[in-house]
Amino acid sequence: FLSTVPSHGGASQNPVGEPQTREFQKVEINREWGLKDSFNYSTYRGILYTQEELKSLWGNTVNLYTEIGSRSTSGAPVMPDIDFNKYSVIWYADRGVNASFITLNGVFEYENVIQADVTHFYSDFGSSRFNLWAIPKTNKPIIFIEREASDRGI
């Protein structure tokens, strides 16, 4: 399964020009931290251009172990320190597509958009985690190419 999903602004945009591969770096987030059950998953992916946008998204995080009444080793979620003068941040929530985890395969920049190629991996459980990847600073909207994979033997 492969689909193109627009994000940021809601208008579908076709890439214009030749793609340029962009470097990306996973922003490590403690595995115990994720999005609250009450998070509105109608928007579960996008791109962050400012510290304020990250802060707003981060306000929806919890320690998942604490949330289910289990013992936590990491305490309350601490927002990552990202220099938004140098980077923009792609974000994607696993639960938005009922995935167990997400992999970013590549990031491509066109004249008018950033394109993120992601794969959703499915198993017998879903995840409340979300993923962040830093890319070189941009003001372009983002579109996602989404692929599905499963280890359920389907």
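(A) Up close: the confidence of the model for the protein. Looking at the protein, the pLDDT average stands at 84 and 82% of residues meet or exceed 70. Model confidence for the protein, summarised as mean pLDDT per element, is weakest for strand S1 (residues 2–7) at 41 and strongest for strand S2 (residues 20–22) at 97. For residues 1–11, every residue scores under 50 in pLDDT, and the model assigns this stretch 30 contacts once sequence neighbours within four places are set aside.

(B) Geometry of the sheet that holds strand S10 (residues 130–136). Ordered in space as S3-S10-S7-S5, the 4 strands form an open sheet in which the pairing is antiparallel. This sheet does not close on itself; its edge strands, each paired only once, are strand S3 (25–27) and strand S5 (45–48). The average angle at which neighbouring strand axes cross in this sheet is 30 degrees, direction not considered. Strand direction decides the pairing type here: strand S7 (residues 87–93) and S10, joined by 7 bridges, are antiparallel. Bridged to Tyr87 within S10 is Pro136. Across the sheet, helix H1 (residues 51–58) touches S5, S7 and S10, and the angle it forms with S10 is around 170 degrees.

Scoring rules and cut-offs
- Residues numbered from 1 in each chain as written.
- Predicted model: local features only at pLDDT ≥ 70, side-chain atom pairs only at ≥ 80, totals over all residues.
- Heavy atoms only, no water.
- pLDDT = per-residue confidence, 0-100.
- Helix = DSSP H or I, 4+ residues; strand = E, 2+ residues; numbered from the N terminus.
- Contact = heavy atoms within 4.5 Å.
- Pairing = 2+ DSSP bridges.
- Axes fitted to C-alpha atoms, helices over the stretch in contact; angles between N-to-C directions.

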